Amino acid sequence: MSEPQGPKIYLLPNLMTAGNLFCGFAAVLKILEGALIKAQATPGLHEIAEAQAAEKFHIAIWCILASCIFDALDGRLARLGGHESPFGREFDSLADIVSFGVAPALMVYRIVLDKFPNVGWIIASVYLICGALRLARFNCLAADDSAAANREFRGFPIPAAAGVIASITLCLLWIDEKGREIGPGKWVLPPLMLFLAWMMFSGFKYPSFKAINWKTTRTLPKFIVIVLVLLVTVLYYQWMPAVIFIAYLLYGFLRPFLSRKMKEEIEDEVEDDDPLESP
C-alpha cells in the first residue's frame with residue numbers, strides 16, 4: 001500500500017500568507033512595546049511616553065494594513081495559478097486570526113480599554129471570538145461550495161474589519177497632535193469594535209471582488225476614476241484608507257437595494273468572455 005500523500009503547499013500563495021502572519025505578529029509586538037512604554041513612564045515624562053507609545057501604535061497600524069495587502073494577494077495568486085487548496089485556506093485563516101483578530105483587539109485594548117479592565121477585556125474578547133467564528137463559518141461554506149464562497153462573503157470580512165479599526169486609528173493619530181498622541185476620538189473605538197463584531201457574524205453579504213483578474217477590462221472613465229482613487233490614497237494616506245474601508249462597510253447595507261446590473265458594474269461579477277475559449 002502506498003503511503004498517503006501530504007497536503008500540497010504552493011510556494012507563492014503561501015509566502016503571501018506567511019507575510020500576512022509575519023506582519024500580524026510584528027503588529028502585536030509593537031503594541032506590547034507601546035503598552036510597556038506607557039506603563040514605565042514617570043509622572044514628569046508622561047507626555048513624552050505617550051508620544052513614543054503612539055509611534056509604536058503607528059507602526060502596528062501599518063503592519064495590520066500590510067497584512068490586508070498580503071491577504072488580498074495570497075488568494076489572488078492561488079486562483080491565478082489554479083492552486084487553491086484546503087491547506088492554503090486553513091493556513092490563511094490561522095494567519096488572519098492573528099493579524100485581523102488578535103492584533104486589532106489588543107491595539108484597541110491598550111489604547112483605551114485598559115482603563116476599564118473589567119469591561120475592556122470582554123469587549124476585546126467579543127471581537128476576537130466573533131472574528132474566529134466568522135473565519136470558521138467561511139471555511140465550512142468554502143468546503144461545501146468553494147465557488148459560491150468566493151463570489152461573495154456572508155458577514156463583514158475580518159480583514160476589512162481590522163482595516164476599519166486600523167485606518168480609523170491612523171486617522172485619529174493624524175488628527176490629534178499630528179500623530180504624537182491619540183486624543184478623545186479614541187472613545188469611538190470600543191463601540192466600533194462591538195459593531196464590527198456583530199457585523200462579522202451578521203447576514204449581510206459583501207462582494208469579494210475575486211472575479212477581478214488580469215483579463216478584467218474597464219472603460220476609460222472607470223479606469224481614470226480608479227487611478228484617481230489610488231493617487232488620492234497615496235497623497236492622503238492619513239485618512240483615505242479609512243474612507244475606503246468605511247465605504248466598503250456601508251456598501252453592505254446599500255447592496256440589497258441596488259439593481260442587479262448596478263451590482264455587476266460595481267463588483268465585476270461578470271467576467272469577460274474569451275472568444276478563443278467560447279464553445
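The structure reproduced in this document is the subject of the present report.

**Comments concerning the packing of helix H3 (residues 86-111) against helix H7 (residues 189-200)**
Between H3 and H7, the least distance of the axes is 10 Å, while the angle of their chain directions is 155°. When the interaxial angle is binned, H3 and H7 end up roughly antiparallel. Where H3 crosses over H7, the handedness of that crossing is left-handed. In contact with Pro 104, Ala 105 and Val 108 of H3, H7 contributes Leu 189, Pro 190 and Met 193.

**What to know about helix H6 (residues 158-175)**
Counted at 1.5 Å a residue, the expected span for H6 with its 18 residues is 26 Å, and the 26 Å between its end C-alpha atoms agrees. Of all 18 residues in H6, 16 are buried, a share of seventy percent or more.

**Here's the deal with the environment of Met 107**
Looking at where Met 107 falls in the secondary structure, it is placed in helix H3. With a relative accessible area of 0%, Met 107 lands in the buried category. Along the chain, Met 107 and Leu 32 lie 75 residues apart, while their C-alpha atoms are 8.6 Å from each other. Those residues in contact with Met 107 that sit more than four places away from it in its chain are Ile 31, Phe 57, Ile 61, Ile 64, Ile 165, Ala 166 and Thr 169.

**As for the nonpolar core**
The biggest cluster of nonpolar side chains holds 56 residues, and the ones touching the most others in it are Tyr 127, Phe 156 and Leu 196. Going through the elements one at a time, helix H1 (11-39), helix H2 (46-80), H3, helix H4 (117-144), H6, H7 and helix H9 (240-254) are the ones with two or more residues in this core. The biggest single contributor to this core is H6, with 11 residues. Sequence-distant contacts of Phe 156, that is, excluding residues within four places in its chain, are made with Arg 134, Ala 161, Val 164, Leu 196, Met 199, Met 200, Tyr 206, Tyr 248 and Leu 249.

**Some points on the pattern of salt bridges**
Under the counting rule described, the total for this entry stands at 2 salt bridges. For Lys 30, the salt bridge identified is with Glu 33, shortest N-O distance 3.4 Å. You can see Lys 30 and its partner Glu 33 sitting in helix H1, 3 residues apart, about one turn around the helix. Overall, Glu 33 belongs to the partly exposed group, its relative accessible area being 33%.

**Considerations on the side chain of Arg 134**
When you line up the elements, Arg 134 lands in helix H4. In this structure Arg 134 is buried but unpaired, with Asp 96 as the nearest side chain of opposite charge at 8.2 Å. Among the polar contacts listed, one links the side chain of Arg 134 to the backbone oxygen of Arg 154, at a separation of 3.5 Å. Beyond its immediate chain neighbours, meaning those up to four positions away, Arg 134 contacts Phe 153, Arg 154, Gly 155, Phe 156, Pro 157, Met 200 and Phe 201.

The rules behind the values
Residues numbered from 1 in each chain as written. Predicted model: local features only at pLDDT ≥ 70, side-chain atom pairs only at ≥ 80, totals over all residues. Heavy atoms only, no water. Axes fitted to C-alpha atoms, helices over the stretch in contact; angles between N-to-C directions. Helix = DSSP H or I, 4+ residues; strand = E, 2+ residues; numbered from the N terminus. Parallel < 35°, antiparallel > 145°, perpendicular 65-115°, else oblique. Left-handed = near helix turned anticlockwise from the far one by under 90°. Contact = heavy atoms within 4.5 Å. Expected span 1.5 Å × (residues − 1). Buried < 20%, exposed > 50% of the residue type's maximum accessible area, 1.4 Å probe, protein only. Core = buried A, V, L, I, M, F, W, Y, C linked by side-chain atoms within 4.5 Å. Salt bridge = Lys/Arg side-chain N within 4 Å of Asp/Glu carboxyl O. Lys, Arg positive; Asp, Glu negative; His and termini not counted. Polar contact = N/O pair within 3.5 Å; in protein donor to acceptor, adjacent residues only side chain to side chain.

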